[in-house]
Amino acid sequence: MNALISVSDKTGILEFAQALHPLGVRLISTGGTARLLADAGLPVTEVAELTGFPEMLDGRVKTLHPKVHGGLLARRDLPEHMAALAAHGIETIDLLVVNLYPFEATVARPDCTLADAIENIDIGGPAMVRSAAKNWRDVAVLTDASQYPRVLEELKAGGIRLATRFELAVAAFNRISNYDAAISDYLSSIEFDEAAEVPRRHEFPGQSNGRFVKLQDLRYGENPHQSAAFYRDLHPAPGSLVTARQLQGKELSYNNIADADAAWECVKSFGTTANAPAACVIVKHANPCGVAVGVDALDAYRKAFQTDPTSAFGGIIAFNRPVDAAAAQAVSQQFVEVLMAPAYSPEALEVFKAKANVRVLEIPLDGIDPAGATPWARGLNAHDVKRVGSGLLIQSADNHELQRSDLKVVTRRVPTEQELDDLLFAWKVAKFVKSNAIVFCKGGMTMGVGAGQMSRLDSARIASIKAQAAGLSLQGTAVASDAFFPFRDGLDVVVDAGASCIIQPGGSIRDAEVIAAADERGVAMVFTGVRHFRH
């Protein structure tokens, strides 16, 4: 058995080769990999010795040779193929171990030059991988160190299974696809300037090559007559929904996942570290119907549930803190579809065992860096994508985080410190409510949520009606509007309901009229300069 090994990432390769040698596998290798194996005392045949042709052009040409590709592509079940190999003195290659030049890591560096990128475009590696994967029945192709243990185990047991060979071939073609897509993304995003050492890159490349990995097929889509599947990004952000581990409950549905994402992203906005306030978010049909912070998970849940107990029925609940037995007991008293948290106490999980259908998801937040330089490091998506007909709308994700210092007081009355806290809380919630959004808050909890109406006035009225139905007083509440008030009538509705302060983007041609109305009504109002449309 002949194995050709040529790897850029040498993680685990020496140990793998050392395990292959006692199995009677002949080792063939290139460049630095060959030196590594030889220095460890392993007998290794250089590719140049195999082909009778030296590596050239600084290593650009070393495996592009018939003695390599003939050995990979020849079908062992076709006598004419084997006769051709014999006629030309070509040996079969039965195992290929290749990983590619680190193109993705190279172009991720902010100081990457075009020359650096080009030199890290692998040619020989992908060519060999394609050849081996095409001939998967006769050649096993390994493209990642995580595959080494399984292949070794099967070799020691007598041989690599056909199903394993096919699985390895699929992984190989996926790797080549991802590699080529990364090259396309990079090259079509740069602005060519011969004088610029580091080229300017556009945020949106000339060709978008999305890469996603299927996590599971779903029973159906948004409706039972639609089929669906759940995919994740090739490299998902830490602490995102796709990293969840389901601890119990029925299989997740399409709508469960959509609503769970809305709840999880909202609850994360209140902090993901141990010293962040405990937060609870309850979502129904992609909109928060109750959000609160508290001294612990139980306190936050009770306040969030109080906002709209009717809508909370059959909702999705998310916590940014571990769930203990007390919180679990409270949650188990209502009908809940999905529950999410970074962790659960053993006692909490015992409570939920009595509710076998509840989907309990654990999503660790450990990998998130709140001070990270990139959205990915902060556990956030960099872009949002929406399908439209035969096209895509792609935009940078709405990751704007409003600071107290960003607020501009535009009324004669200045908000109190407590009102500022309530305004910032309301604004944080409004970001996750479908437009038009009106959110009443007070004391770290939502008091009324109006979502998704064609008229901002109707959203304000609905929020007020919901608060009344829940028996909550809106007197002295803070109100957030995701976009500006185009007329004073919207402001009058929320003040009539009891609001004492308002946060909104500003920017209307009638801002002066709305500010004058606020002064007339004796309420405080601040502008953010940023809106949060969510369609």
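For every chain, the first residue of the written sequence is number 1, and numbering continues from 1 along that sequence. Only residues with pLDDT of 70 or above have their local features reported here, since the model is predicted, and side-chain atom pairs are shown and tallied only from 80 upward, although totals for entire chains, interfaces and linings are computed over all residues. Heavy atoms from the whole structure form the basis of all side-chain values; hydrogens and water molecules are not counted.

An unreviewed UniProt entry annotates the chain as Bifunctional purine biosynthesis protein PurH of Tibeticola sediminis. Turning to the chain, the UniProt record has this under Sequence similarities (unreviewed entry): "Belongs to the PurH family." UniProt positions are given in the numbering used here, feature names are shortened, and annotations may be inferred rather than shown by experiment.

Participant: A description of the overall build of the chain should follow, citing residues and the corresponding values.
Facilitator: Secondary structure elements follow DSSP: runs of H or I no shorter than four residues count as helices, runs of E no shorter than two count as strands, and numbering proceeds from the N terminus. Within the chain one finds 19 helices and 23 strands. Seen through its principal axes, the chain has C-alpha atoms that stretch 95 × 65 × 45 Å. For each residue, the accessible area found with a 1.4 Å probe, counting protein chains only, is set against the maximum for its type, and the residue is called buried under 20%, exposed over 50%, and partly exposed in between. When burial is assessed residue by residue, the chain has 49% of its 535 residues classed as buried. Throughout, a residue-residue contact means that at least one pair of heavy atoms, one from each residue, lies within 4.5 Å. Here the analysis covers contacts within the chain between residues at least 6 apart in sequence; of these, 56% occur between residues at least 24 apart. Accessible area for the chain stands at about 25300 Å²; split by element, carbon and sulfur atoms hold 53% of it. Counted charges follow a simple rule, with Lys and Arg positive, Asp and Glu negative, and His plus the chain ends left uncounted. Here the site of a charge means atom NZ of a Lys, CZ of an Arg, CG of an Asp or CD of a Glu. Looking at the chain, you have 52 positive and 62 negative side-chain charges, and the mean spots of the two groups are 4 Å apart. Note that accessible areas follow from Shrake-Rupley with a 1.4 Å probe, and for residues the cover is restricted to the protein chains shown.

Participant: Account for the domain arrangement of the chain, with residues named and values stated.
Facilitator: Domains assigned within the chain are domain 1 (2-189), domain 2 (237-378) and domain 3 (404-527). Note that the domain bounds reflect an automated or database-derived domain assignment. Spacing between the C-alpha centres of domain 2 and domain 3 amounts to 26 Å. Domain 2 puts 18 residues into the contact, and the matching count from domain 3 is 17 residues. Here the buried area means the combined drop in accessible surface, using a 1.4 Å probe, for two parts upon being joined, counting both sides. Around 1400 Å² of area is buried between domain 2 and domain 3 when both sides are counted, 63% of it from carbon and sulfur atoms.

Participant: Could you give an account of the nonpolar core, with specific residues and numbers?
Facilitator: Among the nonpolar cores identified, the biggest contains 52 residues, and Ile317, Phe319, Val323, Phe440, Val494, Ile502 and Met525 are the most heavily contacted of them. With five residues, helix H12 (residues 297-307) is the largest single contributor of residues to this core. Membership of the second largest hydrophobic core comes to 49 residues, among which are Leu241, Ala263, Ala478 and Ala524. Joining through side-chain atoms within 4.5 Å is the link that ties buried Ala, Val, Leu, Ile, Met, Phe, Trp, Tyr and Cys residues into a set, and such a set is a nonpolar core.

Participant: Pulling in residues and values, what's your account of the packing of aromatic side chains?
Facilitator: Under the pairing criterion, centres of Phe, Tyr and Trp rings, with the six-membered ring standing for Trp, must be within 6.5 Å; the plane angle then separates stacked pairs below 30 degrees from edge-to-face pairs above 60, leaving the rest tilted. Taken as a whole, this structure holds eight aromatic pairs when the rule is applied. With 6.3 Å between their ring centres and 70° between their planes, phenylalanine 103 and tyrosine 179 make a pair best called edge-to-face. Taken as a pair, phenylalanine 103 in helix H6 (residues 103-108) and tyrosine 179 in helix H10 (residues 162-187) lie far apart in primary sequence, 76 residues in all. Each member of the pair, phenylalanine 103 as well as tyrosine 179, is classed as buried. Three or more aromatic residues joined by ring pairs make a cluster, and in this case those are Phe103, Tyr179 and Tyr186. In this scheme, the term charge over a ring applies when either NZ of a lysine or CZ of an arginine sits within 6 Å of the ring centre and within 35 degrees of the ring normal. Lysine 428 extends its terminal NZ or CZ atom over the ring of phenylalanine 270, reaching a point 5.7 Å from the ring centre.

Participant: How would you sum up helix H8 (residues 124-134)? Please name residues and give values.
Facilitator: Taken across its 11 residues, H8 has eight buried, putting it largely inside the fold. Regarding H8, the residues found buried are Gly124, Gly125, Pro126, Met128, Val129, Ser131, Ala132 and Ala133. Buried residues in H8 make contact with strand E1 (2-7), helix H4 (66-73), strand E4 (95-99), strand E5 (140-142) and H10.

Participant: Report on the pattern of salt bridges, specifying residues and quantitative values.
Facilitator: Pairing is possible between side chains that carry opposite charge, provided their charged atoms lie close to one another. A carboxyl oxygen of Asp or Glu within 4 Å of a side-chain nitrogen of Lys or Arg is what we treat as a salt bridge. As enumerated under the stated definition, the model contains 27 salt bridges in all. For the salt bridge of arginine 75 with aspartate 77, the shortest nitrogen-to-oxygen distance reads 2.8 Å. Linked by salt bridges that have partners in common, Arg488, Asp492, Asp496, Glu520 and Arg521 make up one network.

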